[in-house]
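Here are the chains, one letter per residue:
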Amino acid sequence: MKLLDLSILLMSIGIILIILSFFFKNSSKKIEKDVEELSISIFQETNNLKRRLKIVEEELLLEPEFQVKSTSAPSQKGQNPKVQQVMQAVQQAAQASKIAQTTTQVKPIHQIIVSQVLELNKQGLSVADISIRSNLTEEQVRQVIANGGR
């Protein structure tokens, strides 16, 4: 009799364990689904960040004149006259080198900048404004507009 009771007990424990295993499978599927949703959201966020970074890089490439203005710079009135002369000489040298660079550089204009120039022209901006925004000389801007982007 004890052997029969023991076998029934083991059989009932086995059936209970089989029934419980169905419930645990559902929770593991839920965890798998949660992990998959999390990985998809991380992928989307990564793509959004890459897209934003690309936009910022393009803006910086199109605006090389971007400079942070220092609020701690002393005023020129209180400076030594020799310091003022040196500062003026440095500024003149920078302008001269910039002019020399623009005259010696005859690189082809990238298609993105050409399309930007044409779009700004359609919006009614002046050649000088377009030149500032696209970092091209006014003559280059006129040539792009005259050629229609070709």
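Quick look at the structure, then.

Rules used in this analysis
- For every chain, the first residue of the written sequence is number 1, and numbering continues from 1 onward in sequence order.
- Restriction of local features to residues with pLDDT of at least 70 applies here, the model being predicted, together with a cutoff of 80 or more for giving and counting side-chain atom pairs; totals for whole chains, interfaces and linings are based on all residues.
- Based on all heavy atoms of the structure, the side-chain values leave hydrogens and waters out of the count.
- By the criteria applied, helices consist of DSSP H or I runs no shorter than four residues and strands consist of E runs no shorter than two, each listed in order from the N terminus.
- Side-chain atoms alone can form a polar contact between residues adjacent in sequence; in general such a contact is a pair of N or O atoms within 3.5 Å, and within protein one must be able to donate a hydrogen while the other accepts it.
- Residues count as neighbours in contact if any of their non-hydrogen atoms are within 4.5 Å of one another.
- Note on definitions: angles span 0 to 180 degrees between N-to-C directions of axes, and those axes are lines fitted to C-alpha atoms, for helices only across the stretch in contact.
- Here the angle decides the label: under 35 degrees means roughly parallel, over 145 means roughly antiparallel, 65 to 115 means roughly perpendicular, and every other value means oblique.
- Each residue gets one label: Ala, Val, Leu, Ile, Met, Phe, Trp, Tyr, Cys and Pro are nonpolar, Asp, Glu, Lys and Arg are charged, and the others, such as Gly, are polar.
- Nonpolar cores are built from buried Ala, Val, Leu, Ile, Met, Phe, Trp, Tyr and Cys residues. Side-chain atoms within 4.5 Å join them into one set.
- Accessible area is worked out with a 1.4 Å probe on protein chains only. A residue is then buried under 20% of its type maximum, exposed over 50%, and partly exposed in between.
- Put simply, a crossing is left-handed when the front helix is turned counterclockwise from the back one by less than a right angle, and right-handed when it is turned clockwise.
- What counts as a salt bridge is simple: a side-chain nitrogen of Lys or Arg found within 4 Å of a carboxyl oxygen of Asp or Glu.

Description of the side chain of Ser131
Turning to step 1, where the next piece is worked out: Here Ser131 is to be found in helix H4 (residues 127-134).
Turning to step 2, where the next piece is worked out: Side-chain polar atoms of Ser131 contact the backbone oxygen of Leu136, separated by 2.4 Å.
Turning to step 3, where the next piece is worked out: The contact partners of Ser131, leaving out residues within four places of it in the chain, are Leu136, Thr137, Glu138 and Val141.

Considering the packing of H4 against helix H5 (residues 138-147)
Turning to step 1, where the next piece is worked out: Interhelical geometry of H4 versus H5 gives an angle of 105 degrees and a closest axis separation of 9 Å. With respect to H5, the element H4 is oriented roughly perpendicular. Residue-level contacts link Val127, Ala128, Ile130, Ser131 and Ser134 of H4 to Glu138, Val141, Arg142 and Ile145 of H5.
Turning to step 2, where the next piece is worked out: Residue composition of the contact of H4 with H5, grouped by class: 5 nonpolar, 2 polar and 2 charged.

A few points about the nonpolar core
Turning to step 1, where the next piece is worked out: Core analysis: the biggest nonpolar cluster contains 8 residues, these being Ile113, Val114, Val117, Leu120, Ile130, Leu136, Val141 and Val144.
Turning to step 2, where the next piece is worked out: Contributing elements (two or more residues each) for this core: helix H3 (111-122) and H5.
Turning to step 3, where the next piece is worked out: No other element matches H3, which puts 4 residues into this core.

Digging into the packing of H3 against H4
Turning to step 1, where the next piece is worked out: Where H3 contacts H4, the axes come no closer than 10 Å and their chain directions differ by 150 degrees. Here H3 is positioned roughly antiparallel relative to H4, judged by the angle of their axes. Crossing handedness for the pair H3 and H4: right-handed. Contact residues: Ile113, Gln116, Val117, Leu120 and Asn121 in H3; Ile130, Arg133 and Ser134 in H4.
Turning to step 2, where the next piece is worked out: Residue classes in the contact of H3 with H4 are distributed as 4 nonpolar, 3 polar and 1 charged.

Considerations on the pattern of salt bridges
Turning to step 1, where the next piece is worked out: According to the stated counting rule, one finds 2 salt bridges in the structure shown.
Turning to step 2, where the next piece is worked out: Between Lys30 and Asp34 there is a salt bridge, with the nearest N and O atoms lying 3.3 Å from each other. Residue Lys30 and its partner Asp34 are both found in helix H1 (residues 2-62); the two are separated by 4 residues, about one turn of the helix.
Turning to step 3, where the next piece is worked out: Residue Lys30 is classed as exposed on the basis of its relative accessible area, which comes to 53%.
Turning to step 4, where the next piece is worked out: What makes Asp34 partly exposed here is its relative accessible area of 36%.
Turning to step 5, where the next piece is worked out: Arg142 serves as the salt-bridge partner of Glu138, at 3.4 Å between the closest nitrogen and oxygen. Within this pair, Glu138 and its partner Arg142 are both found in helix H5, separated by 4 residues, close to a single helical turn.
Turning to step 6, where the next piece is worked out: With a relative accessible area of 43%, Arg142 lands in the partly exposed category.

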